[in-house]
Amino acid sequence: MNVVTTITGLPFVGKTTLFDLLTGQHVATGTFAGAEAETNVGVAKVPDERLDRLVPLFKPKKTTHAEITYRDLGLAKGGGEISTKKLGDLRTSDALLHVVRAFRDPTVPHPEGSVDPVRDLATLDLELVVSDHSVVERRIERIEPEIRGARAGGEREAKERERDLLRRCLAALDAETPLRELDLEAEELKVLRGYRFLTLMPQLVVVNLDEADVAAPDATLAPVRAAASTHRSTGVVHVCAKLEAEIAELSPEEATAFREEAGLHEPALDRVLRATYDLLGLISFFTVGPDECRAWTVRKGATAPEAAGAIHSDLERGFIRAEVTKWDDMLRAGSEAEAKKHALTRTIGKDAVVNDGEIVHVLFNV
Ligand SMILES: Nc1nc2c(ncn2[C@@H]2O[C@H](COP(=O)(O)OP(=O)(O)O)[C@@H](O)[C@H]2O)c(=O)[nH]1
Ligand SMILES: [Mg+2]
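Residues numbered from 1 in each chain as written. Chains lettered and ligands numbered in written order. Predicted model: local features only at pLDDT ≥ 70, side-chain atom pairs only at ≥ 80, totals over all residues. Heavy atoms only, no water.

Engineer: Would you explain the pairing of strand β11 (residues 292–299) in this entry?
Structural biologist: Consecutive side chains of a regular strand alternate in pointing toward one face of the sheet and then the other. Pairing of strand β3 (residues 62–64) with β11, which is carried by 3 bridges, proceeds in the parallel orientation. Note on β11: the bridge partner recorded for T63 is C293. What sits between the antiparallel neighbours strand β10 (residues 282–287) and β11 is a turn of 4 residues. (Pairing = 2+ DSSP bridges. Helix = DSSP H or I, 4+ residues; strand = E, 2+ residues; numbered from the N terminus.)

So, in structure tokens, the structure goes:
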């Protein structure tokens, strides 16, 4: 599956800097007029040590990591206001990555006049609530005549149920509660997903730290974590986009030395990508062979045919069975033949679930 994450946040918080880091692009960052105007799209490779360790075993011609598509939407209309059209553009995402500024740099203007990540988080969250609120209001207005016009019976009842559900949403939004806080049945969730509500989307809050705080980030992070923890499907990670951008220019050896000195234990981008995976409930499985070793993305709980469908629709349509081996069992066995010999490979049918880190070989017939 192709996961689309949209980067949001107030102007000049480091969205484009982070976008460039994630996607390896070089879109201009800065505080000049127009820096916020464009929408940028790029792809990030999801780092996966497991896949990297399988490569020497199979010596494939090609290695393909899983990917996440990132979009960088400048939200500013000017004067710190957020453009309504851009808010609408957010609706086509699977998740939102919300950058909040915690770096102090006095040369970078702040639309609110001071650095306060908790306030900024609330400001943008409120924008999202307001945007969803207007969608719900409009839909309720339109659904009433539809109910009157519908034939009595199933059709009318379905519309009435939808209206009642939308009224529940309206009440939540009136109380400034994001829709992901509602306890929803699977069927209700399906109806609401169709509206692509912004407050229903998982949100990863990325705190963009000051260079001086990277070694001891907890004091800055604690209040943001406390604010975010009141919402479901909301994660918090930290980066220092500026430092990471500087590190990205170094050789691997220099980068490692720099990280150690600065007290950065792990590349921040790995953390962001992994957190996005966790937040969306995604897992990776692998296919291996002499042509290609590759990581694929599916939702947790995907069945073997669904996983096969991520590779190609023919594999799902003609699915017979799959042979699965845990990646580390394969590594220990040394080859597919040895893994089979030691009973490390099992055969699964169409109702079985594929797990994170499994190597999957699909047998199919179309
Ligand atoms: N000091 C400091 N400056 C940063 C950091 N991240 C971004 N900036 C600067 O903030 C300005 C705005 O960054 P940009 O990525 O264009 O922000 P955007 O408007 O949210 O896309 C640029 O001048 C960046 O160099 C950071 O972590 N620390
Ligand atoms: Mg920008």
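So much for the structure itself; the text now carries on.
Engineer: Can you help me understand the sheet that holds strand β1 (residues 3–8) in this one?
Structural biologist: Adjacent strands of a sheet form backbone hydrogen bonds with each other and so pair up, either parallel or antiparallel. Reading across from one edge, β2-β4-β1-β7-β8-β9 is the order of the 6 strands in this open sheet, with mixed pairing throughout. Across the chains shown, the open sheet's two edge strands, defined by having one partner strand only, are β2 (39–45) and β9 (234–239). Taken over all neighbouring pairs, the strand axes of this sheet differ in orientation by 25° on average, direction set aside. By the bridge criterion, 6 bridges tie strand β7 (residues 95–101) to strand β8 (residues 203–208) in an arrangement that is parallel. Along β8, the bridge assignment pairs L97 with L204. Each of β1, β2, β4 (67–73), β7, β8 and β9 touches helix α1 (residues 15–23); the most contacted strand, β2, lies at about 40° to it. Relative to the sheet, helix α7 (residues 218–228) contacts β8 and β9, its axis offset from that of β9 by approximately 165°. (Axes fitted to C-alpha atoms, helices over the stretch in contact; angles between N-to-C directions. Contact = heavy atoms within 4.5 Å.)

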